[in-house]
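# Commentary on secondary and tertiary structure
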Amino acid sequence: MAPRLQLEKAAWRWAETVRPEEVSQEHIETAYRIWLEPCIRGPRTAPRGLLAPDLGEPGQGGGKEDGDPLRNSFVGLTNLGATCYVNTFLQVWFLNLELRQALYLCPSTCSDYMMGDGIHEERDYEPQTICEHLQYLFALLQNSNRRYIDPSGFVKALGLDTGQQQDAQEFSKLFMSLLEDTLSKQKNPDVRNIVQQQFCGEYAYVTVCNQCGRESKLLSKFYELELNIQGHKQLTDCISEFLKEEKLEGDNRYFCENCQSKQNATRKIRLLSLPCTLNLQLMRFVFDRQTGHKKKLNTYIGFSEILDMEPYVEHKGGSYVYELSAVLIHRGVSAYSGHYIAHVKDPQSGEWYKFNDEDIEKMEGKKLQLGIEEDLAEPSKSQTRKPKCGKGTHCSRNAYMLVYRLQTQEKPNTTVQVPAFLQALVDRDNSKFEEWCIEMAEMRKQSVDKGKAKHEEVKELYQRLPAGAEPYEFVSLEWLQKWLDESTPTKPIDNHACLCSHDKLHPDKISIMKRISEYAADIFYSRYGGGPRLTVKALCKECVVERCRILRLKNQLNEDYKTVNNLLKATVKGIDGFWVGKSSLRSWRQLALEQLDEQDGDADQSNGKMNGNTLNKDESKEERKEEEEELNFNEDILCPHGELCISENERRLVSKEAWNKLQQYFPKAPEFPSYKECCSQCKILEREGEENEALHKMIANEQKTSLPNLFQDKNRPCLSNWPEDTDVLYIVSQFFVEEWRKFVRKPTRCSPVSSVGNSALLCPHGGLMFTFASMTKEDSKLIALIWPSEWQMIQKLFVVDHIIKITRIEVEDVSPSETQYISEPKLCPECREGLLCQQQRDLREYTQATIYVHKVVDNKKVMKDSAPELNVSSSETEEDKEEAKPDGEKDPDFNQIMHAFSVAPFDQNLSIDGKILSDDCATLGTLGVIPESVILLKADEPIADYAAMDDVMQGKDEFVFGIY
């Protein structure tokens, strides 16, 4: 047995022989384990319940200081959640000295913040444009004393979502376009043209007619070359494929303006000029038509540090030798997640650095090292082995962008000078940072001083904590452990967690308390305060006595169970017996045990006022309500009026001896001696119920005899085939007929129908809501037609609120004679129209419905067994349908179309009843898509060749930055 359980058992062993009324002070102290010897499993040098602290000198441990906040050679950038892709590009652009110098030359509104020779100390600088944000960010990256800085102002100005990772390649293109557009308004040509000078090249789409030889050129500027890497192993192969010649034949023939007809032709791209900084985008993220999502190509691509582009340009003789200056890496196997880092070469020192958000690492030996980045990718069984790379070459399956700089004989200029107004801002930020460092150092020193004082206090009091024969008190063990922990400040003592309902120390909480000497307690309370103080007077006699009673009952429960079973076998004679519920007798032992356990466990809930553990009022009310709903012992024979129930099948008589035994466990159980009369109110109700049942049977039989055909639904009149023998038919609600039939079938279970409610068929103005034609068709389910003879009987048996009838009239003034049907009351046209509109709205508003999709090829439907039945909601927009994933579906609802017909979403043309469904923001209801509708799908043929993309160059996905 565990030592804790042994101690618990020893503390209450005396309860087996001591009755509750005989409990003494000695028993109470034993229950609180005051004079019990602790169960020691090994040598103990510390007071029970506490670990001996290390009483050596403070500050001699091996504590590790926080990371050095001061910068090294370069400054990092904080990752704001999912902005690592932004950080990599910022570092690459920062190390482009020409771009940095040009940005520093841009005029700035910072002069508004200048005051004489300095800056307003009270006002924070807030850049107003993208250029100003980049200026300030680059100045901090250049001269800040911090190890890393926060780019949140720049990110916020672009309107980027910091929690969502964007397409890095798309971000690069769009930001360059935005920067070029912003700088184009500058007067200084060195600033205005910097983006084109550094990053802009030109190529031509050249198409040659095979018939006449006419050459057609389409000039285009580029800021990066997008290279397909599928099926290639080397960068040069990717460039060659980008420039390869393509044949235009068959359906893809070229319309020659010279020949004025479609002719076979060839088409290729010619590089006309190259920029100083050549950005090569490796198209690792491609669209998978099978899944409808992007995927990453994790194939190795080899590239060299020196790239000669002369073989690929049209005009030879220039300088086209480039050297590698940056490699942008995407870690991860998915296109929708992962982490971006950059390896960038310092243009001044020629050394390589790895930029990983806040962390910057210098590569050894001025060499680019990509090996560790490749090892971090997730392994797979189908993973290809890394090819061997020669000197000056590298292989990567994670590089998605390569940056090459034009090789020149001249060395780059010395450090770019930060303008004075920006340097003043950086100096102010450095001053704030130095003040923060000094403040942190002072706080650390104060913490050490407090630790020394606390250390001396613990050293002084620790040996005086144990309580011997001297007066003692109880203190929370948790508080003592925190007091021994020198790293945290000591709070006031809080003993409320250990109080019972009598505001004394609960005996069941003694395991989380520590008995200490009165001397140590006086020092603790004088220094830290708190309470309440728990002295020897805090030992609760009431709780000990109650616990003693419960333990004794638990011990004798098994014996009493056998005794009661034997007493129940005897026949009860005379008036000495007591009524007990049969259900209670079957489960009394379990009920008693649960009740004793509940009383024993009330200690944990006896006082909930401590340390934020106050019970929620609503929760406690709900718990009490649930407990009240559970029947206690002998409550199963209580009637609703709190008296003895009238059913003798649910109870039996037990002897007085058996009742006395049961009453020891259930002192609050309702007591019913054998001479106790049953509830008088229940007897009256039972008698009235029997009389009502007989009356209902009589009424049902009379109504069934009076209206036999209406009850059996036989010989019913029909409006579409008006009977010849009558000119008048009456109308009642079908709901009335159905309720009346239920009562006639089961008169003892259903309430009688006393009135005919025809108001449900009328509008608020008293007019009829249905036309004669609708009552013969769709509205026929809502009404029941009544013969005149039946109507007379209905008026005698029921109260009728409104009379509704249809009269047939022969109009003889016209030839041939015409039959008209007139309703009383007459139709209300306005309310009828409103009803129809509401029915249409109800039809278009649904949460779950089936919709069918048929594919159309050459204006013919393709019947497919697996054509999807879409389970959709009318209130979802097209955008919502792409996101919502119902239970049990792996893909969005409308992606079922893609999987069933192999048609990607952007190739789908959907229509219904000749109307094109093109509004992505409209709901299904507003588009007229109702349950059981059939949507026609016509698929566009996908563009198979990349070269044909020049015909649709302007049809790119929109991705816009918002400037705030």
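The protein chain appears in an unreviewed UniProt entry as Ubiquitin carboxyl-terminal hydrolase 48 from Propithecus coquereli. Per UniProt, the protein chain carries the Catalytic activity (unreviewed entry) text "Thiol-dependent hydrolysis of ester, thioester, amide, peptide and isopeptide bonds formed by the C-terminal Gly of ubiquitin (a 76-residue protein attached to proteins as an intracellular targeting signal)." The Subunit (unreviewed entry) field of the UniProt record for the protein chain holds the comment "Interacts with TRAF2 and RELA. Interacts with GPS1."

Right, let's get into the overall build of the protein chain. What the protein chain contains, in helices and strands, is 27 helices and 40 strands. A burial count over the protein chain gives 41% of its 964 residues as buried. Summing over all exposed atoms, the protein chain offers an accessible surface of approximately 55,200 Å²; the carbon and sulfur share of this is 48%.

On to the nonpolar core. For soluble globular proteins, nonpolar side chains are generally found buried alongside one another. Ranked by internal contacts, the top residues of the largest apolar core, which has 66 residues, are Trp 93, Phe 154, Phe 171, Phe 175, Leu 179, Leu 183 and Leu 328. When residues no more than four places from it in sequence are discounted, the contact partners of Leu 183 are Leu 103, Cys 106, Cys 131, Val 191, Arg 192, Ile 194 and Val 195.

As a further point, take the environment of Leu 662. Tracing the sequence through the fold places Leu 662 in helix α19 (residues 656-665). With a relative accessible area of 1%, Leu 662 lands in the buried category. Ignoring any residue separated from it by four or fewer positions in sequence, one finds Leu 662 in contact with Val 564, Leu 585, Trp 588 and Phe 633.

Here we come to the sheet that holds strand β8 (residues 246-248). Read from one edge of the open sheet, 4 strands run β6-β5-β11-β8, paired in antiparallel fashion. On the outer flanks of this sheet lie β6 (215-222) and β8, each paired with one strand and no other. On average, adjacent strands in this sheet sit at an angle of 25° to one another, irrespective of strand direction. Where β8 lies against strand β11 (residues 265-273), 3 bridges are found, and the strand directions are antiparallel. Bridging across to β11, Lys 247 finds its partner in Thr 266.

Summed over the entire model, instances satisfying the criterion amount to 31 aromatic pairs. Both rings, one in Tyr 203 and one in Tyr 205, keep their centres 5.7 Å apart while their planes meet at 85°; by these two values the pair is edge-to-face. Taking the centre distance of 5.8 Å and the plane angle of 85° together, the rings of Tyr 472 and Phe 474 count as edge-to-face. Both residues of the pair, Tyr 472 and Phe 474, count as buried. Among the aromatic side chains, those forming a connected cluster through ring pairs are Tyr 85, Phe 89, Trp 93, Phe 154, Phe 171, Phe 175, Phe 285, Tyr 340 and Tyr 400. Sitting over the face of the ring of Trp 12, Arg 547 holds its NZ or CZ atom 4.9 Å from the ring centroid.

Another aspect to go through is the pairing of strand β13 (residues 285-288). Pairing geometry for β13 and strand β14 (residues 293-296), over 4 bridges, is antiparallel. Opposite Phe 285, over in β14, you have Lys 296 as the bridge partner. Remark: 4 residues form the turn of the hairpin made by β13 and β14, two consecutive strands paired antiparallel; Gly 292 in that turn has positive phi of roughly 80°.

All right, on to the sheet that holds strand β34 (residues 818-824) then. Hydrogen bonds along the backbone pair up the strands of a sheet, which may run parallel or antiparallel. A sheet is described by the order of its strands in space; here 4 strands give the open sequence β31-β29-β33-β34, paired in antiparallel fashion. Bordering the open sheet on either side are β31 (783-786) and β34, each of which pairs with just one other strand. Within the sheet, the average angular offset between the axes of one strand and its neighbour, ignoring direction, is 30°. Set on the sheet, helix α22 (residues 734-745) makes contact with β29 (728-733) and β31; between it and β29 the angle comes to about 70°.

The step from Gly 531 to Pro 532 runs through a cis peptide bond, and the omega angle for that step is -10°. With respect to the helices and strands, the residue Pro 532 is situated in the loop between β26 (530-531) and α15 (541-569). The step from Glu 824 to Pro 825 runs through a cis peptide bond, and the omega angle for that step is 0°. Among the secondary structure elements, Pro 825 is positioned in the loop between β34 and α25 (829-844). Backbone geometry at Arg 33 places phi at a positive 60°, although glycine is not the residue there. With respect to the helices and strands, Arg 33 occurs in the loop between α2 (25-31) and β1 (76-77).

One rule of thumb: low pLDDT means the predicted coordinates there are not for detailed reading. The predicted model of the protein chain has a mean per-residue pLDDT of 79, with 81% of residues at 70 or higher. The weakest mean pLDDT in the protein chain belongs to helix α26 (residues 878-883) at 38; the strongest belongs to β29 at 93. Throughout residues 41-46 the model reports pLDDT below 50, and contacts reaching past four residues in sequence, or to other chains, amount to 6 contacts. Within the model, the stretch residues 863-867 combines pLDDT values under 50 with 6 contacts to residues more than four positions away or in other chains.

With that settled, the discussion passes to the pairing of strand β12 (residues 277-282). Most of β12 is tucked away: 6 of the 6 residues are buried. Burial of β12 is two-sided: the residues Thr 277, Asn 279 and Gln 281 facing one way and the residues Leu 278, Leu 280 and Leu 282 facing the other way are all buried. Judged from the 3 bridges that link them, strand β7 (residues 225-227) and β12 form a sheet pairing that is parallel. Residue pairing for β12: Leu 225 is matched across the bridge by Leu 280. Pairing between β12 and strand β22 (residues 399-406): 5 bridges, direction antiparallel. Looking at β22, one finds that Asn 279 is bridged to Val 403.

Here we take up the packing of helix α3 (residues 84-94) against helix α7 (residues 168-183). At a minimum axis distance of 10 Å, the contact between α3 and α7 shows a crossing angle of 50°. Judged on the interaxial angle alone, α7 and α3 are oblique. Relative to α7, α3 is oriented so that their crossing is right-handed. Contacts between α3 and α7 involve Tyr 85, Val 86, Phe 89 and Trp 93 on the former and, on the latter, Ala 168, Phe 171, Ser 172, Phe 175 and Met 176. Across the contact of α3 with α7, the residue classes break down as 8 nonpolar, 1 polar and no charged.

A word on a negative patch on the surface. A contiguous patch of negative charge on the surface is contributed by Glu 686, Glu 688, Glu 690, Glu 691 and Glu 693. Within the secondary structure, Glu 691 is located in helix α20 (residues 680-706). Taking the relative accessible area as the measure of exposure, Glu 691 reaches 52% and is therefore exposed.

So, about the packing of α20 against α22. Where α20 meets α22, the closest approach of the two axes is 8 Å, and the angle between their N-to-C directions is 120°. When the axis of α20 is compared with that of α22, the two are oblique. Judged by the twist between their axes, the crossing of α20 over α22 is left-handed. Contact residues: α20 offers His 696, Ile 699, Ala 700, Gln 703 and Lys 704, while α22 offers Trp 740, Phe 743 and Val 744. Classifying every residue of the contact of α20 with α22 gives 5 nonpolar, 2 polar and 1 charged.

About the criteria used
- Position labels on residues start from 1 in each chain and follow its written sequence.
- Totals for whole chains, interfaces and linings use every residue, but because this is a predicted model, local features are given only for residues with pLDDT of at least 70 and side-chain atom pairs only at 80 or more, for both listing and counting.
- Side-chain measures were taken over the full set of non-hydrogen atoms in the model, leaving aside hydrogen atoms and water.
- UniProt positions are given in the numbering used here, feature names are shortened, and annotations may be inferred rather than shown by experiment.
- Strands here are runs of E lasting at least two residues and helices are runs of H or I lasting at least four, both read from the DSSP assignment and numbered beginning at the N terminus.
- Burial here depends on accessible area, computed with a 1.4 Å probe over protein chains only, as a share of the maximum for the residue type. Under 20% is buried, over 50% is exposed, and the range in between is partly exposed.
- Each accessible area is a Shrake-Rupley result for a 1.4 Å probe, and residues are judged covered by the shown protein chains and nothing else.
- We define a nonpolar core as any set of buried Ala, Val, Leu, Ile, Met, Phe, Trp, Tyr and Cys residues linked to one another through side-chain atoms lying within 4.5 Å.
- The contact rule is simple, with two residues in contact once any of their heavy atoms fall within 4.5 Å.
- Two strands make a pair as long as DSSP finds a minimum of two bridges between them.
- The angle between two axes is taken between their N-to-C directions and runs from 0 to 180 degrees, where each axis is a line fitted to C-alpha atoms and a helix contributes only its stretch in contact.
- By convention, a stacked pair of Phe, Tyr or Trp rings (six-membered ring in the case of Trp) has centres within 6.5 Å and planes under 30 degrees apart, an edge-to-face pair has planes over 60 apart, and any other such pair is tilted.
- Both a distance and an angle decide whether a charge sits over a ring: NZ of Lys or CZ of Arg must be within 6 Å of the ring centre and within 35 degrees of the ring normal.
- Per-residue confidence from the predictor is reported as pLDDT, which spans 0 to 100.
- Throughout, the term roughly parallel applies to angles under 35 degrees, roughly antiparallel to angles over 145, roughly perpendicular to angles from 65 to 115, and oblique to all others.
- For any helix crossing, the convention is left-handed if the near helix is rotated counterclockwise from the far helix by under a right angle, and right-handed if that rotation is clockwise.
- Under the scheme applied here, ten amino acids are nonpolar (Ala, Val, Leu, Ile, Met, Phe, Trp, Tyr, Cys and Pro), four are charged (Asp, Glu, Lys and Arg), and all others, including Gly, are polar.
- In this analysis, a patch consists of residues with relative accessible area above 30% that form no salt bridge, clustered at 9 Å for like charges and at 5 Å for the nonpolar side chains Val, Leu, Ile, Met, Phe, Trp and Tyr.
- By convention in these notes, a salt bridge is any Lys or Arg side-chain nitrogen within 4 Å of a carboxyl oxygen on Asp or Glu.
- In this charge count, Lys and Arg are treated as positive and Asp and Glu as negative; neither His nor the chain ends contribute.
- Here the site of a charge means atom NZ of a Lys, CZ of an Arg, CG of an Asp or CD of a Glu.

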